[in-house]
Amino acid sequence: MTGARPCAAEQRGPRERGGGGRGSGGSCAAAAGGMSGARGAGRALAALLLAASVLSAALLAPGGSPTPDVDKKRHVELKMDQALLLIHNELPGTNLTVYWNYDCCYQCLLQVLVRASRGGKPGKPSVAAVAVGTQHVSILRLNDTVEDKELCRLEYKFGEFGNYSLLVKHTPDGASEAACDLVVNEKPVDSDLPVTVAFLVGLALVIAVSFLKFLWSLEDFNNWISKAINSRETDRLINSELGSPSRAGDPQPEAWRPSAAPLRLRCLDTFRGMALTIMVFVNYGGGRYWYFKHSSWNGLTVADLVFPWFVFIMGSSIFLSMTSTLQRGCSKFRLLGKIAWRSFLLLCIGIVVVNPNYCLGPLSWEEARIPGVLQRLGVTYFVVAVLELLFFKPVPESCASERSCFSLLDVVSSWPQWLVIMALEGIWLALTFFLPVPGCPTGYLGPGGIGDLGKYPNCTGGAAGYIDRLLLGDHHIYQHPSSAVLYHTDVAYDPEGILGTINSIVMAFLGVQAGKILLYYKDRTKDILVRFTAWCCLLGLISVALTKASENEGFIPVNKNLWSISYVTTLSAFAFFILLVLYPVVDVHGLWTGTPFFYPGMNSILVYVGHEAFENYFPFQWRLGDSQSHKEHLVQNLVATALWVLIAYILYKKKVFWKI
């Protein structure tokens, strides 16, 4: 999630066990032994391939940050995502001021990059060395320092650790005052190679495991494996004289089967685990790649996807769990107490997680952050769960067992909840676009800082930021917003603030609708998939209309910091699409068990809190040989993420779950 821990940002989202006795020489026991060995081999192969992916990323990725000789001469130390640019000024009598910024910085003021003194004698230009960013396309503008007149302008995508020269000289024909030519002195490294290698080897892992499962499904191959394993087992028992039969109840590896728990859908746990695994990876740094970090303002990156999906799945689980609990005879009043207690625990745990005193020293109550990821989940959970509890209606028997269910009953039966949700969204729109904000234009949705040509430097987030600063105070909200990276904002802004919570409630309620579809049309796969498709298309069209299919020019851009309504509809459309794929694959046909994402999905609170609390501890973090190397950060972050998946797997096997 966005900056749950300021210090980390400164440094850089039970099933039953099978068991049975094993007779001496029994065919069933032999088959079980063979399958056990086969699955053991499959796990070993998976572990080897995972290690190979990390090792391949380490070996095939570019090495440490190269430092050309000219860097040392010019005293320019290149860091990650930077290149060296040498400004050769051959204009006698003209001092140059070079302005720079990324082209993705929307309506931003160009910033002074470097000043180059006037050129000397012909053939002896003055040279100014400077580091430029390589994450996006750069805009360079060269001005005459005295007259402040533009001499030339160019756009170029620099490569990491590349060495470039910008030659500024008079044009031979005298048609213009100056000509600018960019020359590559030393080629950059391919900084995306570690990600590519890790992806390809991970893909090979999936293919290898799938092929292995296919082989196990072949009877002849399975019998051959079973005989080979049993033959070796017999020799081992004779040689070691340890041939005692296993006891009944010894745990056996479990094959896929639909969950025995009522209303528990494996696809939801898999989806939750996918979102949580990506969240752990991006929170740990994501290899320090920009696309694994949160967007500076408008737009989407990988890091922006996971938290809304978590909220969406929470909404689906609310309805399924509530229905099951009430069917077991629990009173609404008692369930309301459970809802309130769980929300309170989420708030308390969240405040502890976002205020890590071991990293920042003793906690000061005057600067304790109040909003956060778990805090928003707690508030969202409380509102949506209470809303569903107040207007709860049992699932009609006709929907559960027959085909006479009205096609829109899952929506129409929730009309009171929809009215409340529409009212909440109306409040968000009214506050966002009509609340007067001192010193800012009404309805402002921009990042402030140097955005919008620097007209509104202290207006970050418009009404959303103003409400947080007014009600919570500047020192109780997030101090390192992602907008500071690109837009150089100075004011505090919290992406998990008060106003955005309204739209997270909307997102969770859309998840409730997904849960109702799964329950109202249970065992009717076609009806479920048709409704998932319809919701996906409807929400996608709403997003297109709100954004005008653009990043910055729409009525309401997709914005994670604001949790804009277009952000909610877009991510909800993606969520319905993912369920459209996962439900038939995981729950209907059993083509995939959800491994390995299923395991963290079953223990989501523990994995989230644990990865936040132990982020700075070994083996999740260690001292890197080259802190400016993407490959070393990527290896570290992949290992840390894999460890949490492994921890979740071990806890699942031991039936240890943290539920609040």
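Further up the page is the structure itself.
Values in this document were obtained by computation on a predicted structure and should not be read as measured data.

Student: Just checking my understanding: could you explain the pattern of salt bridges for this structure?
Tutor: One side chain can pair with another of opposite charge once the charged atoms of both are near each other. Enumeration over the complete set of coordinates arrives at 8 salt bridges. Taking the shortest distance from any N to any O, the salt bridge between Arg369 and Asp494 comes out at 2.8 Å. You can see Arg369 sitting in the loop between helix H9 (357-360) and helix H10 (373-390) and its partner Asp494 sitting in the loop between helix H15 (483-487) and helix H16 (498-520), a full 125 residues away along the chain. The exposure classification of Arg369 matches that of Asp494, with both residues buried.

Student: I'm lost on a nonpolar patch on the surface in this one. Help?
Tutor: Taken together, Phe199, Leu200, Leu203 and Ile207 make up a surface patch of nonpolar side chains, about 420 Å² in accessible area. By the secondary structure assignment, Ile207 is in helix H4 (residues 193-217). On the basis of relative accessibility, which here comes to 53%, the residue Ile207 falls in the exposed class.

Student: Just to check I follow, could you spell out the sheet that holds strand S3 (residues 96-102) for this structure?
Tutor: Strand pairs in the sheet, formed through backbone hydrogen bonds, run parallel or antiparallel to each other. Overall, antiparallel pairing links the 4 strands, which are arranged S4-S3-S6-S7 in an open sheet. Edge strands, defined here as strands with exactly one partner in the open sheet, are strand S4 (111-116) and strand S7 (149-156). For this sheet the average axis-to-axis angle between neighbouring strands, irrespective of direction, equals 20 degrees. As judged from the 5 bridges shared by S3 and S4, these two strands associate in the antiparallel manner. Opposite Trp100, over in S4, you have Gln111 as the bridge partner.

Student: I would appreciate a short explanation of the nonpolar core in the present structure.
Tutor: The nonpolar side chains of soluble globular proteins are, as a tendency, buried together. Counting residues in each nonpolar core, the largest one holds 133 residues, and the members touching the most others are Leu85, Met322, Phe532 and Phe576. Looking at this core element by element, the count peaks at 14 residues for H16. Those residues in contact with Met322, other than ones at most four positions away along the chain, are Leu335, Ile339, Ala385, Glu388, Leu389 and Phe392. Membership of the second largest hydrophobic core comes to 7 residues, among which are Val282, Tyr291, Phe292 and Ala303.

Student: I would appreciate a short explanation of the state of the cysteines in the present structure.
Tutor: Every disulfide links exactly two cysteines, by a covalent bond between their sulfur atoms. In total, this model carries 3 disulfides according to the counting rule given. Covalently, Cys152 is tied to Cys180 through a disulfide, its sulfur atoms 1.8 Å apart. Between Cys152 and Cys180, the disulfide has an S-S torsion of -70 degrees and is therefore left-handed. In this pair, Cys152 sits in strand S7 while Cys180 sits in strand S9 (residues 179-186), placing the two residues 28 residues apart along the sequence. On the basis of relative accessible area, Cys152 is assigned to the buried category, the value being 12%.

Student: How should the sheet that holds strand S8 (residues 163-169) be read in this particular structure?
Tutor: As summarised here, the arrangement of the 4 strands in space is S5-S2-S8-S9, forming an open sheet in which the pairing is mixed. Every interior strand has two partners, whereas the edge strands, strand S5 (126-133) and S9, have only one. Each adjacent strand pair in this sheet contributes to an overall mean axis angle of 25 degrees, direction not counted. Looking at chain direction, strand S2 (residues 82-89) and S8 are connected through 6 bridges and run parallel. If you follow Leu85 over to S8, its bridge partner there is Tyr164.

Each value, and the rule that gives it
Residues numbered from 1 in each chain as written. Predicted model: local features only at pLDDT ≥ 70, side-chain atom pairs only at ≥ 80, totals over all residues. Heavy atoms only, no water. Salt bridge = Lys/Arg side-chain N within 4 Å of Asp/Glu carboxyl O. Helix = DSSP H or I, 4+ residues; strand = E, 2+ residues; numbered from the N terminus. Buried < 20%, exposed > 50% of the residue type's maximum accessible area, 1.4 Å probe, protein only. Patch = residues over 30% accessible without salt bridge, like charges linked within 9 Å, V, L, I, M, F, W, Y side chains within 5 Å. Areas by Shrake-Rupley, 256 points an atom, 1.4 Å probe, with all protein chains shown as cover. Pairing = 2+ DSSP bridges. Axes fitted to C-alpha atoms, helices over the stretch in contact; angles between N-to-C directions. Core = buried A, V, L, I, M, F, W, Y, C linked by side-chain atoms within 4.5 Å. Contact = heavy atoms within 4.5 Å. Disulfide = S-S within 2.5 Å.

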